[in-house]
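In case you want the letters, here they are:
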Amino acid sequence: MTTVTAHRGAIFHYKDDANLQNAADSYEYFEDGMLIIEDGKVVAAGEAPKLIETLADGTTIIDHGDQLIMPGFIDTHAHSPQAGAIAGYGEQLLEWLKGYIFPSEEKFSDPVHARTGAAFFLDELLRNGTTTASLYSSSHKEATDILFQEAEARNMRIIAGKSLSDRDVPEGLRDTPDSAYEDSKELIEKWNGKGRLLYAITPRFAPTSTKEELEVAGRLKREYPDLYMQTHLAENLHEVELVKSLFPESKDYLDVYDHYGLLGKRTIFGHSVHLSDREFERIAETGSVASWCPTSNFFLGSGIFDYARAKRMNAMIAMGTDIGGGTSFSMLVTLSEAYKGTAIRAETKLSAFDAFYLITYGGARALSLENSIGNFSPGKEADFVVLDLESTPLLRYRMEYTKTLAERLFVLMTLGDDRAVAKTYVAGLEHVSK
Ligand code: GUN
Ligand code: ZN
């Protein structure tokens, strides 16, 4: 038996042909809208008074009043074993990794810890309205398996992979090129394409993988060309110098990964802050993605992502929280900090329409998942959030003085956070944390 549910409320989403160059002209907004879902997929989205006529007698209608229904948010870069190390005081990247992050990830060798950690992380994503994320697990095969189990239990669209690191990490996080290959392969065979789950080859970053291990990453990518590939790129200037000294034969940081065949349409480069024009060009030409992680870049003092240049050079951009370098699971807070970065640079400022594009349809396009998620076209998987634009006294007060949709969206991303997420639906079903 099929189940049809209709959700009534304000509806905002981007149309199928939307892109970052015309995000402001390519959305649909229905003030009194209706989203019809059948068996976890979108049937229609449009004006409620029209669509209500099409419903069979007895169809369940959930009325969200004035609340705003949007596609589920997409976080393209975060670390599931790092929630316990968020807000680590006082260091920049390389010292911070040693002082806070590696110890936090080592604890994931314990399967009990790995399960509570994964469950907490995924529930926290959903509580913040994020229904799709690309995640770095720890280097442990079992912890990564547990992460996939927990994502499957929530029916989330999750991309994830075991981190690869065979040098310059503590013993408890160190693999070998052989074990990296075998463990990744086992996880790929078990999880990639199972339900809504997808696998990402995940070398942590060039400084913690030997050439032999980067070779393994390239081999996996050749053997499974449809897999995702995620790593860090040019986040911090000391890191960039370190990569130069470790790979003197490479043209630049991106070229290290290029050498091993790791660039392409499903490749996500976390941060991409300190890049040359050549690197941006190569990212654009290969269809790779730069994941912009503003709360992390500010928190770790890494730098300010060059949005104007990335956009000008047609590089695919998406947003990431980078938990635990980032300081919030909320994609609204992430957008607010992103805007501030562009305000400091004082060039092309991030507009509200571009911002919400980046965490919905644009994020889906960046992950090559636009045929499955990201908007409310018929047949899409019904991941969505219901946003309360009056979730705090300040939001309610400020909203009274807005006149346009652009203004309301900008106020929402600037003042909103997890409190603005009234409900999160995954494949048509409301998520309720246990
Ligand atoms: N570079 C290498 N590993 C990491 C990590 O875990 N977090 C961040 N922000 N940068 C990294
Ligand atoms: Zn990261």
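Everything here concerns the structure above.
Residues numbered from 1 in each chain as written. Chains lettered and ligands numbered in written order. Predicted model: local features only at pLDDT ≥ 70, side-chain atom pairs only at ≥ 80, totals over all residues. Heavy atoms only, no water.

Colleague: I keep staring at the overall build of the protein and nothing clicks. Help me out?
Modeller: Scanning the protein for helices and strands turns up 16 helices and 16 strands. When the backbone C-alpha atoms are referred to their principal axes, the protein occupies close to 65 × 50 × 40 Å. Across the protein, the fraction of contacts at a sequence separation of at least 24, relative to all contacts at a separation of at least 6, is 76%. Taken as a whole, the protein presents about 16,500 Å² of accessible surface, with 50% of it coming from carbon and sulfur. (Helix = DSSP H or I, 4+ residues; strand = E, 2+ residues; numbered from the N terminus. Contact = heavy atoms within 4.5 Å. Areas by Shrake-Rupley, 256 points an atom, 1.4 Å probe, with all protein chains shown as cover.)

Colleague: Explanation requested: the site of ligand 1 in the structure shown.
Modeller: Residues in contact with ligand 1, as listed here, are His 79, Gln 82, Leu 93, Trp 96, Leu 97, Arg 204, Phe 205, His 232, Glu 235, His 271 and Asp 322. One nitrogen or oxygen atom from the side chain of Gln 82 is found 2.8 Å from an oxygen atom belonging to ligand 1. Within the side chain of Glu 235, one N or O atom sits 2.7 Å away from a nitrogen atom of ligand 1. Taking 270 Å² as the accessible area of ligand 1 by itself, protein coverage stands at 100%. Of all the cavities here, the one that holds ligand 1 is the largest cavity. Looking at the shell around ligand 1 element by element, the count peaks at three residues for helix H2 (residues 93-106). Here the residues of the shell around ligand 1 sort into four nonpolar, four polar and three charged. (Near = heavy atom within 4 Å. Polar contact = N/O pair within 3.5 Å; in protein donor to acceptor, adjacent residues only side chain to side chain. 1 Å grid on protein atoms, 1.4 Å probe; cavity = no way out; pocket = protein on both sides within 12 Å on 5 of 7 lines; lining within 4 Å. Sits in = over half its atoms within 2 Å of the grid points. Nonpolar A, V, L, I, M, F, W, Y, C, P; charged D, E, K, R; others polar.)

Colleague: Mind showing me how you'd approach the nonpolar core here?
Modeller: Inside soluble globular proteins, nonpolar side chains tend to come together where they are buried. Counting residues in each nonpolar core, the largest one holds 105 residues, and the members touching the most others are Tyr 257 and Phe 356. Broken down by element, the residue count for this core peaks at seven residues, all from helix H13 (residues 352-359). In this view, Phe 356 contacts Phe 12, Tyr 14, Met 70, Leu 332, Leu 335, Leu 409, Leu 412 and Met 413; residues no more than four positions away in its chain are not counted. Residues Ala 200, Tyr 228, Ala 366 and Leu 369 belong to the second largest nonpolar core, which totals 13 residues. (Core = buried A, V, L, I, M, F, W, Y, C linked by side-chain atoms within 4.5 Å. Buried < 20%, exposed > 50% of the residue type's maximum accessible area, 1.4 Å probe, protein only.)

Colleague: I keep staring at empty space enclosed by the protein and nothing clicks. Help me out?
Modeller: Which parts of space are left empty comes out when a probe the size of a water molecule is rolled across the atoms. Scanning the entire structure with this criterion turns up five cavities of 30 Å³ or more. The calculated volume of the largest cavity comes to roughly 100 Å³. Lining the largest cavity are His 79, Gln 82, Leu 93, Trp 96, Leu 97, Arg 204, Phe 205, His 232, Glu 235, His 271, Asp 322 and Gly 325. For the lining of the largest cavity, the leading source of residues is H2, giving three residues. Residue classes in the lining of the largest cavity are distributed as four nonpolar, five polar and three charged. (Points joined across faces, edges and corners; volume = space filled by probe spheres on them.)

Colleague: What should I look at first to understand a negative patch on the surface in this one?
Modeller: A contiguous patch of negative charge, built from Glu 31, Asp 66, Glu 390 and Glu 400, is present on the exposed surface. Note on placement: Glu 400 falls in the loop between helix H15 (393-399) and helix H16 (405-415). (Patch = residues over 30% accessible without salt bridge, like charges linked within 9 Å, V, L, I, M, F, W, Y side chains within 5 Å. Salt bridge = Lys/Arg side-chain N within 4 Å of Asp/Glu carboxyl O. Lys, Arg positive; Asp, Glu negative; His and termini not counted. Charge placed at Lys NZ, Arg CZ, Asp CG, Glu CD.)

Colleague: I would appreciate a short explanation of H13 in the present structure.
Modeller: The periodicity of an α-helix, 3.6 residues per turn, causes residues three or four places apart in sequence to face the same way. Extensive coverage of H13 is indicated by the burial of eight of its eight residues. Those residues of H13 lying buried are Ala 352, Phe 353, Asp 354, Ala 355, Phe 356, Tyr 357, Leu 358 and Ile 359.

Colleague: When you look at the coordination of the zinc ion (ligand 2) in this model, what are you seeing that I'm missing?
Modeller: By definition of the ideal shapes, four donors in a tetrahedron about a metal sit 109.5 degrees apart, and six donors in an octahedron sit 90 or 180 degrees apart. Within the protein, the atoms that donate to the zinc ion (ligand 2) are His 77 (NE2), His 79 (NE2), His 232 (NE2) and Asp 322 (OD), at distances of 2.0 to 2.2 Å. Taken together, the four donor atoms surrounding the zinc ion (ligand 2) define angles of 91 to 165° at the centre, an arrangement classified as irregular. Spacing between the donor residues of the zinc ion (ligand 2) along their common chain follows H-x1-H-x152-H-x89-D. Of this pair, His 79 sits in strand S5 (residues 73-79) while Asp 322 sits in the loop between strand S13 (316-319) and helix H12 (331-345); the two residues are 243 residues apart in sequence, bridging distant segments of the chain. Among the residues examined, Asp 322 registers a relative accessible area of 2% and is labelled buried. (Donors = N, O, S within 2.8 Å, 3.2 Å for Na, K, Ca; no water. Tetrahedral: all angles 85-135°; square planar, octahedral: opposite > 155°, others 65-115°.)

Colleague: Before we go on, may I ask you to explain the pairing of strand S6 (residues 130-136) in this structure?
Modeller: Most of S6 is tucked away, with seven of its seven residues classed as buried. Note: S5 against S6, five bridges, orientation parallel. Following the sheet pairing, Phe 73 is matched in S6 by Thr 130. With five bridges joining them, S6 and strand S7 (residues 157-161) adopt parallel strand pairing. The residue of S7 that forms the bridge with Tyr 136 is Gly 161. (Pairing = 2+ DSSP bridges.)

Colleague: Which parts of the structure should I look at to understand the packing of aromatic side chains?
Modeller: Geometrically, a pair of aromatic rings is defined through the distance of the ring centres and the angle of the planes. One pass over the full model with this rule turns up 18 aromatic pairs. With 4.5 Å between their ring centres and 10° between their planes, Tyr 27 and Phe 353 make a pair best called stacked. With Tyr 27 in strand S2 (residues 27-38) and Phe 353 in helix H13, the pair connects residues that are 326 residues apart, well separated along the chain. Judged by relative accessible area, which is 11%, Phe 353 ranks as buried. (Phe/Tyr/Trp six-rings, centres within 6.5 Å; stacked < 30°, edge-to-face > 60°.)

Colleague: What exactly am I supposed to notice about the sheet that holds strand S16 (residues 429-430) here?
Modeller: Whenever strands of a sheet pair, they do so through backbone hydrogen bonds, lying parallel or antiparallel. In spatial order, the strands read S3-S2-S1-S4-S14-S15-S16; together these seven strands make up an open sheet with mixed pairing. At either margin of the open sheet sits one strand with a lone partner, and together these are strand S3 (41-47) and S16. Here strand S15 (residues 421-426) pairs with S16 via two bridges, running antiparallel. Bridge pairing in S16 links Tyr 425 to Glu 430. H13 rests against strand S1 (4-14), S2 and strand S4 (60-71) of the sheet, and its axis sits at about 130° to S1. (Axes fitted to C-alpha atoms, helices over the stretch in contact; angles between N-to-C directions.)

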